[in-house]
Amino acid sequence: MPTAIMVVIAVVIVAILVAVGYLAWNQVRSQRLRSRFGPEYDRAVERHGGRGAAEKELRSREQRHQELDLHDLPDEQRELYREQWVHVQERFVDTPEGALEEADRLVLVVMGQRGYPTGGFEERAAHLSVEHGRTLDHYRRGHDISSRAAGKEASTEDMRQAMVHYRALFEDLLAVPVEDRNPRS
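On a predicted model such as this, the values are computed, not experimentally measured, just so you know.

A.B. asks: Would you take a moment to explain the overall build of the chain for this structure?
C.D. replies: Check the secondary structure of the chain and you find eight helices and zero strands. Overall, the chain shows an N-to-C arrangement of helices and strands of α-α-α-α-α-α-α-α. The globule rule puts the C-alpha radius of gyration for 185 residues at 16 Å, and the 23 Å found for the chain is more than 25% above it. Projected onto its principal axes, the C-alpha coordinates of the chain cover approximately 90 × 50 × 25 Å. Across the 185 residues in the chain, those meeting the buried criterion constitute 34%. Partitioning the intrachain contacts of the chain with sequence separation of at least 6 by distance along the chain shows that 63% fall at a separation of at least 24. Only carbon and sulfur atoms are counted for the fraction: they give 55% of the accessible area of the chain, which is about 11,200 Å². Of the side chains in the chain, 26 bear a positive and 31 a negative charge, and the two mean positions are spaced by 7 Å.

Right, here's the structure in full:
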């Protein structure tokens, strides 16, 4: 077989291997992002109209997230916030709207104490999505109901659901890091 034909065959084989490798790498990267961001991955794909733009946005969130000075809360502070949450829940019986506002504020305080930016809602959601993608949908739903409640457009049951949604993120923010749960001997 002539050398030229062997070179062409080798180039074609290398090109095929590179293409297969790229596709496999791209699929692994997509799976990692989908796993990390949970429902937020699908929301980004829908908002950006495609996987490529959505994944670029999610990788950008990861990069911005790495620049944050995040830290876990000491046990005493966690317990203080949990006690405050109990008081917010107790207040819900008499003033659901006020308790919902307090729940939102308490989540913001905990976010700030952990080192998350507490600016606008979408900025907060973007930063939370990196580590709290599984509970971010709860935060979005709670925020939506809270906004409707501020305009007197939410029922008491809606507000109760919002409290449940806020609590999911609240507990996630207060969670003890995995490495602290199982200390090494």
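A.B. asks: What am I meant to see in unusual backbone geometry here?
C.D. replies: The bulk of non-glycine residues show a negative phi, and the bulk of peptide bonds are trans. Despite not being glycine, K152 shows a phi value in the positive range, around 60°. Relative to the helices and strands, K152 is located in the loop between α6 (121-150) and α7 (156-174).

A.B. asks: Help me out: how do you make sense of the packing of aromatic side chains in this one?
C.D. replies: The way to describe two aromatic rings as a pair is by their centre distance and the angle between their planes. Applying the stated criterion to the full structure yields four aromatic pairs. Judged by centre distance (6.0 Å) and plane angle (40°), the rings of Y22 and W25 are tilted. Of the two residues, Y22 and W25 both sit in helix α1 (residues 3-37), three residues apart, roughly one turn of that helix. On the accessibility criterion, Y22 (46% relative accessible area) is partly exposed. Residue classification places W25 among the partly exposed residues on the basis of a relative accessible area of 46%. Pairwise contacts between aromatic rings join F121, Y139 and Y166 into one cluster.

A.B. asks: Got a minute to help me understand the pattern of salt bridges in this structure?
C.D. replies: A side chain with one charge can pair with a side chain of the opposite charge if their charged atoms come near. Under the defined criterion, the tally for this structure stands at 22 salt bridges. R148 is the partner of D144 in a salt bridge, and the nearest nitrogen-oxygen pair spans 3.6 Å. In this pair, D144 and R148 are both assigned in helix α6, four residues apart and thus about one turn of the helix distant. Classification of D144 as partly exposed rests on a relative accessible area of 43%. Counted as one network, the salt bridges with shared partners bring together E40, R43, E57, R61, R64, E122, D137, R140 and R141.

Cut-offs and rules
Residues numbered from 1 in each chain as written. Predicted model: local features only at pLDDT ≥ 70, side-chain atom pairs only at ≥ 80, totals over all residues. Heavy atoms only, no water. Helix = DSSP H or I, 4+ residues; strand = E, 2+ residues; numbered from the N terminus. Rg over C-alpha atoms; globule rule 2.2 N^0.38 Å. Buried < 20%, exposed > 50% of the residue type's maximum accessible area, 1.4 Å probe, protein only. Contact = heavy atoms within 4.5 Å. Areas by Shrake-Rupley, 256 points an atom, 1.4 Å probe, with all protein chains shown as cover. Lys, Arg positive; Asp, Glu negative; His and termini not counted. Charge placed at Lys NZ, Arg CZ, Asp CG, Glu CD. Phe/Tyr/Trp six-rings, centres within 6.5 Å; stacked < 30°, edge-to-face > 60°. Salt bridge = Lys/Arg side-chain N within 4 Å of Asp/Glu carboxyl O.

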